[in-house]
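Structure at a glance
If you want the building blocks of each chain, they are given just below.
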Amino acid sequence: MTDRRLLFVHAHPDDETIGTGATMAKYVAEGCHVTLVTCTLGEEGEIIPNDLAHLAADRDDSLGPYRIGELAAACQALGVEDHRFLGGPGRWRDSGMMGAASNEHPKAFWQADLDEAAGELVKVIREVRPQVLVTYDDNGFYGHPDHIQAHRVARRAYELAAKPGFGVGEPWQIAKFYHTAMPRSVMRRGVEGLREANLGFIIQDVGDMPFGSPDDVVTTEIDARPWLGNKIEAMRAHATQILVRGTWFALSNNIGQEVLGVEHYTLAIGVPGPPVAGPPVEAGGLGEPHNRENDLFAGID
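None of the values given here were measured: they were computed from a predicted structure.

Here the focus is the pattern of salt bridges. The full count for this structure, using the stated rule, is 19 salt bridges. Note that glutamate 44 and arginine 93 form a salt bridge whose closest N and O atoms lie 2.8 Å from each other. With glutamate 44 in the loop between strand E2 (33–38) and helix H2 (63–78) and arginine 93 in the loop between strand E3 (82–85) and helix H3 (114–128), this residue pair connects regions lying 49 residues apart in the sequence. The class of glutamate 44 is partly exposed, set by a relative accessible area of 26%. Aspartate 223 is the partner of arginine 225 in a salt bridge, and the nearest nitrogen-oxygen pair spans 2.7 Å. With a relative accessible area of 30%, arginine 225 lands in the partly exposed category. The exposure class assigned to aspartate 223 is partly exposed, which follows from its relative accessible area of 31%.

A word on the state of the cysteines. One pass over the full model with this rule turns up zero disulfides. With no disulfide of its own, cysteine 32 lies closest to cysteine 75 among cysteine sulfurs, the gap being 14 Å. Judged by relative accessible area, which is 7%, cysteine 32 ranks as buried. Cysteine cysteine 75 remains unbridged, with the sulfur of cysteine 39 as its closest cysteine sulfur at 14 Å.

The next point concerns the side chain of arginine 67. Examined against the element boundaries, arginine 67 turns out to sit in helix H2. Here glycine 42 takes part through its backbone oxygen, which lies 2.8 Å from a polar atom of the side chain of arginine 67. Apart from residues lying up to four places away in sequence, arginine 67 is in contact with Pro13, Asp14, Leu41, Gly42, Gly45, Thr240 and Gln241.

Proteins that are soluble and globular tend to have nonpolar side chains buried together. Leu6 and Leu296 are the most contacted members of the largest nonpolar core, which has 30 residues in total. Elements supplying a minimum of two residues to this core: strand E1 (5–10), helix H1 (15–29), E2, H2, strand E4 (132–135), helix H6 (228–237) and strand E10 (262–269). Per element, the largest residue contribution to this core is five residues, and it comes from H2. Excluding residues that lie within four positions of it along the chain, leucine 6 makes contacts with Tyr27, Cys32, His33, Val34, Thr35, Pro130, Val132, Val134, Leu296 and Phe297. Formed by 29 residues, the second largest nonpolar core is a distinct cluster that contains Leu86, Ala117, Val122 and Ile269.

A few words on unusual backbone geometry. The phi torsion at aspartate 14 lies on the positive side, around 100 degrees, for a residue other than glycine. Following the sequence through the fold, aspartate 14 ends up in the loop between E1 and H1. The exposure class assigned to aspartate 14 is buried, which follows from its relative accessible area of 7%. Unlike most non-glycine residues, asparagine 254 shows phi in positive territory, near 65 degrees.

In this section: the UniProt feature "binding site: Zn(2+)" (unreviewed entry) in the protein chain. Mapped onto this structure's residue numbering, the UniProt feature "binding site: Zn(2+)" (unreviewed entry) falls at His12, Asp15 and His147. Spanning 136 residues, the named residues nonetheless gather at one spot, since no C-alpha pair among them exceeds 9.5 Å. Mapped onto the elements of the fold, histidine 12 is located in the loop between E1 and H1. The exposure class assigned to histidine 12 is buried, which follows from its relative accessible area of 7%. Apart from the residues lying within four places of it in its own chain, the contact partners of histidine 12 are Thr38, Thr40, Gly42, Asp94, His144, Asp146 and His147. Residue position: aspartate 15 is located in helix H1. Given a relative accessible area of 12%, aspartate 15 falls into the buried group. Setting aside chain neighbours within four positions, we find aspartate 15 in contact with His10, Thr20, Tyr136 and His147.

What the three strands build is an open sheet, ordered E7-E8-E9; its pairing is antiparallel. In this open sheet, the two edge strands, each paired with only one partner strand, are strand E7 (243–245) and strand E9 (257–258).

What follows covers the packing of H1 against H6. For the pair H1 and H6, interaxial distance at closest approach is 8 Å and the crossing angle is 140 degrees. On the basis of their axis angle, the class for H1 and H6 is oblique. The chirality of how H1 crosses H6 is right-handed. In contact with Thr17, Ile18, Gly21, Ala22 and Ala25 of H1, H6 contributes Asn230, Lys231, Ala234 and Met235. When the residues that make up the contact of H1 with H6 are grouped by side-chain class, the tally is five nonpolar, three polar and one charged.

What counts and how
Residues numbered from 1 in each chain as written. Predicted model: local features only at pLDDT ≥ 70, side-chain atom pairs only at ≥ 80, totals over all residues. Heavy atoms only, no water. Salt bridge = Lys/Arg side-chain N within 4 Å of Asp/Glu carboxyl O. Helix = DSSP H or I, 4+ residues; strand = E, 2+ residues; numbered from the N terminus. Buried < 20%, exposed > 50% of the residue type's maximum accessible area, 1.4 Å probe, protein only. Disulfide = S-S within 2.5 Å. Polar contact = N/O pair within 3.5 Å; in protein donor to acceptor, adjacent residues only side chain to side chain. Contact = heavy atoms within 4.5 Å. Core = buried A, V, L, I, M, F, W, Y, C linked by side-chain atoms within 4.5 Å. UniProt positions renumbered as here; feature names shortened; annotations may be inferred. Pairing = 2+ DSSP bridges. Axes fitted to C-alpha atoms, helices over the stretch in contact; angles between N-to-C directions. Parallel < 35°, antiparallel > 145°, perpendicular 65-115°, else oblique. Left-handed = near helix turned anticlockwise from the far one by under 90°. Nonpolar A, V, L, I, M, F, W, Y, C, P; charged D, E, K, R; others polar.

So this is what it looks like as structure tokens:
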């Protein structure tokens, strides 16, 4: 396939880089048209640098516009030229963590009408006509309301985009629909590496982390390590939210995580490509005993 088009749907600025940044950079470099849709401006993000504390959401909504600039810089680092905010910048607002008062804000994405929000995504799908769509699972990867809503909106848009007579543009059927994933074996390896690195980040046990997938449900492994530098540059662009030290990072909770150049997914809808064994350690591989597809477009004619 020469005309490959890939759509990522993420909740806030920085989510695209943390979970899928290396994948995005890889496919851009290989000539794929990569589209990123971000659902909110991230107005409720907790700010790390003291010199940017004046942007805090409890003072005004100046953080959202600031994060537009951070996202633009991150996209530039990843090579992504086609970025849109769902319904336009500020159409829906960051809902904050589950149970927060900001969940009830009249513009909160968590409160968005499903078909209205999905309709905005359908417009993008019918314009771009991607073969592959990537977003979170039905728990939003770790339970954030905006991530859960992004999944719901993306899944509904996937259905509506293929129906004649809905919205604008010609119907379009997406061939493969993926959820982001984090194998628990990768998480365990990261914790061990973080202990050895001794960077001052908080080390959390894998069992206490609010995310993670059993290894056997992960269908897809994208080795994008040559683009790890692009991902790190993009993470540094999100300076209000991410602290980067070498190949490790932390959010405002100071819990350390590895910056991954190999990113994982679970195929939710579509026909998987052939499983491929990863390269052995002596050939520069990770040494994981899993056979997974290694291309998001695998199996698409």
